[in-house]
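Breakdown of the fold
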Amino acid sequence: MNKFEEKYVQAIIAIAQEMANNGDIEYRRQEFDSAIEYYKNAIQYSPTYTTAIFKLARTYFKIKDYENTKLYLEQNLAVDPNQEQSEKMLGDIYRKMGDTDSAVQHYNKAVLINPNYSKAHYSLGTILLSNGKLAKAREALNTAVMIDSAYVKAYGALGKVEQDMGNLDVAIKNYNKAINIEPSLYDVHYRLASVYNSKKQY
């Protein structure tokens, strides 16, 4: 690549980044249609600009256009398959579509790409919990709280797993951890009370 070609490429990348930045501004303003147009323009200038493609998918997800979300996430992974956020969001899409097996598959891919991705471990744990796979759910949720010791929702879900498994003392411990971090979790307070009721400890 000669100097002229190099400068041309740099100029195109700069334009694409500016378009994506404008998309971010519109997204924060909740002007989602405008954000979509900016992200699409960025991708037209730079078709392998994975950040813009992901943000476009995220915007479609925000407005509940799941088909377009899925389309652009798959496009993004075709450019770079090592994107844990795209895999996790694909899992979320399949979960909303009722395809549990595909959701689990994508959550697993996300944690394989990045074993420290606590949100993917949490999503994996909660979908396994909802399908009665308690041992595997506990493993995923324990991993989530080991990575992020302040992960309130993970402690709450872990408490539910332990409660369903009959480990009431461990359930109480996890519910209390969630409440200590976020005292206003009324659903966790309710579940904690139900455990104490089961133990006859009013």
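Residues numbered from 1 in each chain as written. Predicted model: local features only at pLDDT ≥ 70, side-chain atom pairs only at ≥ 80, totals over all residues. Heavy atoms only, no water.

Right, let's talk about the layout of surface pockets for a bit. Space inside the largest pocket adds up to approximately 170 Å³. Together, Phe54, Arg58, Gln85, Lys88, Met89, Asp92, Tyr117 and Lys119 line the largest pocket. Contributions of two or more residues to the lining of the largest pocket are made by α3 (50-62) and α5 (84-96). No other element matches α5, which puts four residues into the lining of the largest pocket. A breakdown of the residues in the lining of the largest pocket according to their chemical character gives three nonpolar, one polar and four charged. (1 Å grid on protein atoms, 1.4 Å probe; cavity = no way out; pocket = protein on both sides within 12 Å on 5 of 7 lines; lining within 4 Å. Points joined across faces, edges and corners; volume = space filled by probe spheres on them. Helix = DSSP H or I, 4+ residues; strand = E, 2+ residues; numbered from the N terminus. Nonpolar A, V, L, I, M, F, W, Y, C, P; charged D, E, K, R; others polar.)

All right, on to the nonpolar core then. Burial of nonpolar side chains together is a common tendency in soluble globular proteins. If you look at the biggest cluster of nonpolar residues, it comprises 54 residues, and the most contacted ones within it are Ala42, Leu56, Leu73 and Tyr122. Setting aside chain neighbours within four positions, we find Leu73 in contact with Phe54, Ala57, Ser86, Met89, Leu90 and Ile93. (Core = buried A, V, L, I, M, F, W, Y, C linked by side-chain atoms within 4.5 Å. Buried < 20%, exposed > 50% of the residue type's maximum accessible area, 1.4 Å probe, protein only. Contact = heavy atoms within 4.5 Å.)

With phi around 65 degrees, Gln30 is a residue other than glycine that occupies positive phi space. Turning to its location among the elements, Gln30 is positioned in the loop between α1 (3-28) and α2 (32-45). With phi around 65 degrees, Lys64 is a residue other than glycine that occupies positive phi space. Mapped onto the secondary structure, Lys64 falls in the loop between α3 and α4 (66-79). We classify Lys64 as exposed; its relative accessible area is 62%.

Now for helix α9 (residues 152-164). Compared with an ideal rise of 1.5 Å per residue, which puts 13 residues at 18 Å, α9 spans 19 Å between its outermost C-alpha atoms and is within 8% of the ideal. Burial runs high along α9: ten of the 13 residues are buried. Buried residues belonging to α9 abut α7 (118-130), α8 (134-147), α10 (168-181) and α11 (186-199). One or two steps after α9, the chain reaches Gly166, where phi turns positive at roughly 85 degrees. (Expected span 1.5 Å × (residues − 1).)

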